[in-house]
Amino acid sequence: MMNAATEDADRTLARTLLVASVTFLCALHVWRRLRGGGSAAAGPPGPFAWPLVGNAAQLGAAPHVYFARLAKKYGDVFQIRLGRRAVVVLNGAAIKQALVKQGPAFAGRPDFTSFHCVSNGDSLAFGTATPRWRTRRRVAQATVRAASTGDAHTRCAFQNHIVCEVRALLRLFLEETRRRRYFQPALYLVVSTANIMSAVCFGRRYAYDDAEFRHVVGRNDQFTRTVGAGSVVDVMPWLQYFPNPVKTMFQNFKSLNREFSLFIGAKVAQHRETLRPGAAVRDMTDAFILAMDRLGDLGVPPAAAEGVPPGGKDYVAATIGDVFGASQDTLSTALQWIVLFLVRLPDIQRRLQEEVDKVVDRERIPSMEDQQRLPYVMAFIYEVMRYTSFVPLTIPHSTMTDTTIMGYSVPKDTVVFVNQWSMNWDQDIWTQPDSFDPERFLYPDGSLNKDLVGNVLIFSQGKRRCIGEDLSKMQLFLFTSLLAHQCHMSSDPANPPQTGFTYGLTLKPLPFSIAVKLRDSMSVLERVKSLPLNRTAEGTTGQPEPEGHSEN
Ligand code: HEM
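Residues numbered from 1 in each chain as written. Predicted model: local features only at pLDDT ≥ 70, side-chain atom pairs only at ≥ 80, totals over all residues. Heavy atoms only, no water.

- Identification of the chain as Cytochrome P450 1B1 from Merluccius polli is taken from an unreviewed UniProt entry.
- For the record of the chain, the UniProt heading Cofactor (unreviewed entry) holds the text "heme". (UniProt positions renumbered as here; feature names shortened; annotations may be inferred.)

This is the structure in structure tokens:
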């Protein structure tokens, strides 16, 4: 009897507890819905995440490919955990939806440890979206355009910088081939790209063996590894507090950023010292100084400008540093891939030469006016960008507000990875995305399919879209058509180029070696006169370069 009574009491208690629990859970659910503004959306689905590390160990050597695999299972929007952070990954159609249609909500940057080290924490590219940032971005975009592709005059000057730099590069390639037969072109391509941007930004270029310049621009791989989506120090920042390889890597990253900032800071200081009121703008640094000083504290009303010293903060160095840094890392990587595919696929190189020869005779060199008539050159460049997707994920974004995407709720300050690679290898858009085929961009009559090239996603979209797209396309076109017109490149049979890469913000090709020979003489290229550089750094502003001067 006693036992039956006790069992009854237990059952009643259990029932009461069950009802109370269900009531509590229902109330919690209703409260969450009310708090979420009535949105019933759940968070995105995703794989099981391990304690402490989350899914970090699963990213592997090619996180973009891993993400595309997960997208097949969970859909275009899914969620992983990296360390303690939830990360929403956008693929395929979700990218345009988020970055363009819901642009303001997805325009932020996460407060990652590594991002604070870039441009002393004042980076335009790695800083989050604020009213001041928006003004700064507008100024940067207009200034870059005005100094490169804005009108016929600046386009012509920019083209001249590129042609002269390709000439210097070609001389060096021929010399290296003569001396060593096969050589690795990677560092020369980095210096060459940095020189073009240095001419535009600072009014000077450097010799290829200039130790200081090589030191400043030659460490892109370390930079790109540390700020790329999924960077270990960003998702597990505690690793920087005790001896381990991540800590060493992060210390190198901090010192390279410090040295880069010192280099840029010195350039800006030299420009400020020699900039005369009312004198012509000499280069992009002058243009930034004038534009930003005119805006004072970048036009932000005092209420929003908290923490800014009287007289306004000087963002010139941080902004020009971003432009110089962002351009030379991405463009030099693009050029490395272009050269790699030229030597890897000799038939394609020959076809490029044939097209350029048909349009441009030997009495002149290719120029921007020829671009419309060189569709195969453009198709080749787009195929290099699509196939390699050498910026596979954008710089990580973050949400500025609580929002939803494709029916899933995403809270404010969530880290967002944008998988550009997933678009460029999407089987619904591209036939056989894994084969390298420039022809895919050509109509049967040989003209460029402009709708299809619009599907290549490498400069991102929306509020954070790259500000250097036009400048980059111009540079890649001139570089490729000039090389096809002037020389023939071949690979080292003992070390044939592979399509493997090292992962980071940009995918770097593995080392490869080439030999270069002229197709004809360089006489037409040699006759091109370099426009004077202002050589502000040496205080000889406005002095013309000596004829034939190519290295300082
Ligand atoms: C082939 C060359 C280039 C590629 C593929 C490329 C690609 C990108 C990508 C993917 C982003 C990140 C967008 C995002 O987070 O959603 C970006 C940002 C940026 N790029 Fe480029 N870029 C290239 C060249 C350049 C050049 C030449 C410049 C300078 C003139 C430049 C300046 C910037 C800046 C300042 C940002 C930051 C924009 C922001 O955060 O609002 N880039 N670029």
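1. Here's the deal with the packing of helix α6 (residues 186–202) against helix α17 (residues 469–486)
Stage number 1. Where α6 meets α17, the closest approach of the two axes is 13 Å, and the angle between their N-to-C directions is 125°. As the angle between them shows, α6 and α17 are arranged oblique. Crossing of α6 over α17 shows right-handed handedness. Within the contact between the two elements, α6 uses Leu 189, Thr 193, Ile 196 and Met 197 and α17 uses Leu 471, Gln 475 and Phe 479.
Stage number 2. Of the residues that constitute the contact of α6 with α17, the class distribution is five nonpolar, two polar and no charged. (Axes fitted to C-alpha atoms, helices over the stretch in contact; angles between N-to-C directions. Helix = DSSP H or I, 4+ residues; strand = E, 2+ residues; numbered from the N terminus. Parallel < 35°, antiparallel > 145°, perpendicular 65-115°, else oblique. Left-handed = near helix turned anticlockwise from the far one by under 90°. Contact = heavy atoms within 4.5 Å. Nonpolar A, V, L, I, M, F, W, Y, C, P; charged D, E, K, R; others polar.)

2. Examining the coordination of the iron atom of the ligand
Reference values for coordination geometry: four tetrahedral donors around a metal ideally subtend 109.5 degrees, six octahedral donors ideally subtend 90 or 180 degrees.
Stage number 1. The sole protein-derived ligand of the iron atom of the ligand is Cys 466 (SG), positioned 2.3 Å away.
Stage number 2. Secondary-structure assignment places Cys 466 in the loop between α16 (450–453) and α17. (Donors = N, O, S within 2.8 Å, 3.2 Å for Na, K, Ca; no water.)

3. Details of the environment of Pro 47
Stage number 1. By secondary structure assignment, the location of Pro 47 is in the loop between α1 (2–35) and α2 (63–74).
Stage number 2. Along the chain, Pro 47 and Gly 325 lie 278 residues apart, while their C-alpha atoms are 36 Å from each other.

4. Here's the deal with unusual backbone geometry
Stage number 1. The phi torsion at Gln 432 lies on the positive side, around 40°, for a residue other than glycine.
Stage number 2. If you trace the backbone, Gln 432 turns up in the loop between α15 (420–424) and α16.
Stage number 3. Residue classification places Gln 432 among the exposed residues on the basis of a relative accessible area of 56%.
Stage number 4. Unusually for a residue other than glycine, Ser 460 sits at a positive phi of about 65°.
Stage number 5. By secondary structure assignment, the location of Ser 460 is in the loop between α16 and α17.
Stage number 6. A relative accessible area of 9% places Ser 460 in the buried class. (Buried < 20%, exposed > 50% of the residue type's maximum accessible area, 1.4 Å probe, protein only.)

5. Side note on the sheet that holds strand β1 (residues 77–82)
Stage number 1. With mixed pairing, four strands are arranged side by side in an open sheet as β1-β2-β6-β3. Since the sheet does not close on itself, it has two edges, and those belong to β1 and β3 (397–398), each with one partner.
Stage number 2. One ladder, built from four bridges, connects strand β2 (residues 85–90) with strand β6 (residues 415–418); its direction is parallel. Counted as the bridge partner of Leu 90 is Val 418 from β6.
Stage number 3. Contacts between α2 and the sheet are confined to β1, β2 and β6, with β1 contributing the most and set at about 125° to the helix. (Pairing = 2+ DSSP bridges.)

6. Quick word on the side chain of Ser 148
Stage number 1. Counting through the fold element by element, Ser 148 comes out in helix α4 (residues 131–148).
Stage number 2. The class for Ser 148 is buried, based on a relative accessible area of 0%.
Stage number 3. Excluding its chain neighbours within four sequence positions, the residues that come into contact with Ser 148 are Thr 154, Arg 155, Phe 158 and Leu 471.

7. Examining the packing of aromatic side chains
Stage number 1. Evaluated as defined, the whole model comprises 29 aromatic pairs.
Stage number 2. Where Phe 341 meets Tyr 387, the ring centres are 5.7 Å apart and the plane angle is 85°; that geometry is what we call edge-to-face. Here the residue Phe 341 occupies a position in helix α12 (residues 316–344), and Tyr 387 occupies one in helix α14 (residues 375–388), the gap between them amounting to 46 residues.
Stage number 3. Accessibility expressed as a relative area gives 1% for Phe 341, which makes it buried.
Stage number 4. Counting every residue linked through ring pairs, the aromatic cluster contains Trp 337, Phe 341, Phe 380, Tyr 387, Trp 421, Trp 425 and Phe 436. (Phe/Tyr/Trp six-rings, centres within 6.5 Å; stacked < 30°, edge-to-face > 60°.)

8. A closer look at the site of the ligand
Stage number 1. The local shell around the ligand holds 26 residues, among which Arg 137, His 397, Ser 460, Arg 464 and Cys 466 are the closest.
Stage number 2. Ser 460 places a side-chain nitrogen or oxygen 2.6 Å from an oxygen atom of the ligand.
Stage number 3. Between an oxygen atom of the ligand and a side-chain N or O atom of Arg 464, the distance comes to 2.7 Å.
Stage number 4. Among the elements of the structure, α4, α12 and α17 are those that each provide at least two residues to the shell around the ligand.
Stage number 5. With five residues, α12 is the largest single contributor of residues to the shell around the ligand.
Stage number 6. For the shell around the ligand, the class distribution of residues is 15 nonpolar, eight polar and three charged. (Near = heavy atom within 4 Å. Polar contact = N/O pair within 3.5 Å; in protein donor to acceptor, adjacent residues only side chain to side chain.)

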